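Next come the chains, spelled out residue by residue.
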Amino acid sequence: MKLGIHFMNFTLDTPAEQVAPVLADTARVAEGIGAEWFTMMDHYFQMEQFRTAHDPMLEGYTSLGFLAGVTERMKLSLMVTGVTYRYPGLLAKIVTTLDVLSQGRAMLGIGAAWYEREHLALGVPYPPIAQRFEMLEETLKICLQMWSDDEGPYTGAHYSLAETINVPQSVQRPHPPILIGGGGEKKTLRLVAQYADACNLFASAPEEVARKLDVLRRHCDDLGTDYDAITKSVMGPGDPATDPDAFLRAMEAYAALGIEVVEVAPQGGDPVSWVGALEPLVPRLAAL
């Protein structure tokens with residue numbers, strides 16, 4: 001099992017103007033200890049169930065572009081971008097740009113979006129959930145077309161593009177890996193089976209994750225896609241820095257299910273030190 005760092009808390013022990021060096025140092029330390037992924041949220045406001053909408057939050061793709069310049073190996077992604085936040089053609093261009101500037105390390109993490117308050121506050125349309133899933137599938141189709149040799153038009157129920165030119169193309173071919181976040185069994189996991197290279201589930205309990213993976217496998221069987229080719233990841237529970245042995249015992253059960261990457265979020269206001277303390281955990285995870 002591999003480690004991913006999910007940077008979601010910008011309420012730091014240092015002054016707000018020092019967020020850039022703290023973010024950069026956290027990413028460098030994560031890469032130094034052997035983390036495979038470095039991800040961030042795609043929110044305009046901090047999540048209310050975590051802190052408040054007035055706590056600090058940086059825009060995701062600008063932040064990943066910054067990190068592309070200070071790291072060399074880790075995959076960079078949002079976990080996950082909301083389909084409502086950017087027109088699909090522009091999203092494909094943004095992720096392509098990240099892939100080019102990171103020399104082939106971008107992922108497209110995407111989902112149906114959910115944070116209504118930030119949409120309404122900043123004037124971003126927030127359609128009903130059924131429509132957002134329709135938009136998500138069209139966005140996946142558009143991104144895949146823009147990463148192909150087809151520069152022709154795209155016409156769907158929600159989006160119409162006259163041309164799908166994308167120059168330069170991504171470094172990773174045929175395209176940057178697509179990760180779809182969420183565990184919805186009828187729609188989300190079906191989209192994973194049809195379009196994605198990776199999925200991300202909440203590590204609520206091994207039994208629940210096993211059930212979600214069984215659903216994913218059935219979708220793959222129905223669609224004729226390769227279940228084994230999909231990278232399975234979870235958003236890890238608890239604080240591995242506090243009790244690494246307990247964390248590893250929990251991860252053994254997930255590794256047995258085929259989970260390949262566990263994402264953990266730095267706790268407290270000193271993410272650099274917190275991530276550095278995970279260094280002994282990385283080889284132990286790899287041995288699972």
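Owing to the predicted nature of the structure, the values given are computational and were not obtained by experimental measurement.

Cut-off values and rules
- Residues numbered from 1 in each chain as written.
- Predicted model: local features only at pLDDT ≥ 70, side-chain atom pairs only at ≥ 80, totals over all residues.
- Heavy atoms only, no water.
- Pairing = 2+ DSSP bridges.
- Helix = DSSP H or I, 4+ residues; strand = E, 2+ residues; numbered from the N terminus.
- Buried < 20%, exposed > 50% of the residue type's maximum accessible area, 1.4 Å probe, protein only.
- Phe/Tyr/Trp six-rings, centres within 6.5 Å; stacked < 30°, edge-to-face > 60°.
- Lys NZ or Arg CZ within 6 Å of the ring centre and 35° of its normal.
- Patch = residues over 30% accessible without salt bridge, like charges linked within 9 Å, V, L, I, M, F, W, Y side chains within 5 Å.
- Areas by Shrake-Rupley, 256 points an atom, 1.4 Å probe, with all protein chains shown as cover.
- Salt bridge = Lys/Arg side-chain N within 4 Å of Asp/Glu carboxyl O.
- Lys, Arg positive; Asp, Glu negative; His and termini not counted.
- Charge placed at Lys NZ, Arg CZ, Asp CG, Glu CD.
- Expected span 1.5 Å × (residues − 1).
- Contact = heavy atoms within 4.5 Å.

A word on the sheet that holds strand β3 (residues 75-78). A sheet is described by the order of its strands in space; here 9 strands give the open sequence β3-β2-β1-β11-β10-β9-β8-β5-β4, paired in parallel fashion. Looking at strand neighbours, the two that pair on one side only are β3 and β4 (81-82), the edges of this open sheet. Bridge count between β4 and strand β5 (residues 108-111): 2 bridges; the pairing is parallel. Considered in β5, the bridge of Gly82 is made with Gly111.

This paragraph deals with the side chain of Glu137. The topology assignment puts Glu137 in helix α5 (residues 129-146). With a relative accessible area of 17%, Glu137 lands in the buried category.

Per the counting criterion, the structure on display carries 4 aromatic pairs. These aromatic residues form a ring-pair network of at least three members: Phe7, Phe10 and Phe38. Its end group placed over the ring of Tyr227, Arg217 keeps NZ or CZ at 3.9 Å from the ring centre. A cation over a ring is seen here: Lys232 above Tyr227, with NZ or CZ 3.7 Å from the ring centre.

A surface patch of negative charge is lined by Asp149, Asp150, Glu151 and Glu163. Position of Glu163 relative to the elements: it lies in the loop between β7 (160-161) and β8 (178-181). Overall, Glu163 belongs to the exposed group, its relative accessible area being 55%.

Within the secondary structure layout, Ala16 lies in the loop between β1 (2-7) and α1 (19-33). Residue Ala16 is classed as exposed on the basis of its relative accessible area, which comes to 64%. Sequence separation between Ala16 and Pro56 is 40 residues; the distance between their C-alpha atoms is 8.1 Å.

Turning our eyes to something else, we now look at helix α7 (residues 206-223). With 18 residues, α7 extends 26 Å from end C-alpha to end C-alpha; this agrees with the ideal 26 Å at 1.5 Å per step. The complete set of buried residues in α7 reads Val209, Ala210, Lys212, Leu213, Val215, Leu216, His219 and Cys220. Looking at the buried positions of α7, the neighbouring elements they touch are α6 (188-195), β9 (198-202), β10 (231-235) and α8 (244-256). Positive phi appears at Gly224, one or two residues downstream of α7, with a value of about 75°.

All quantities given are derived from atomic positions and should not be read as evidence of function.
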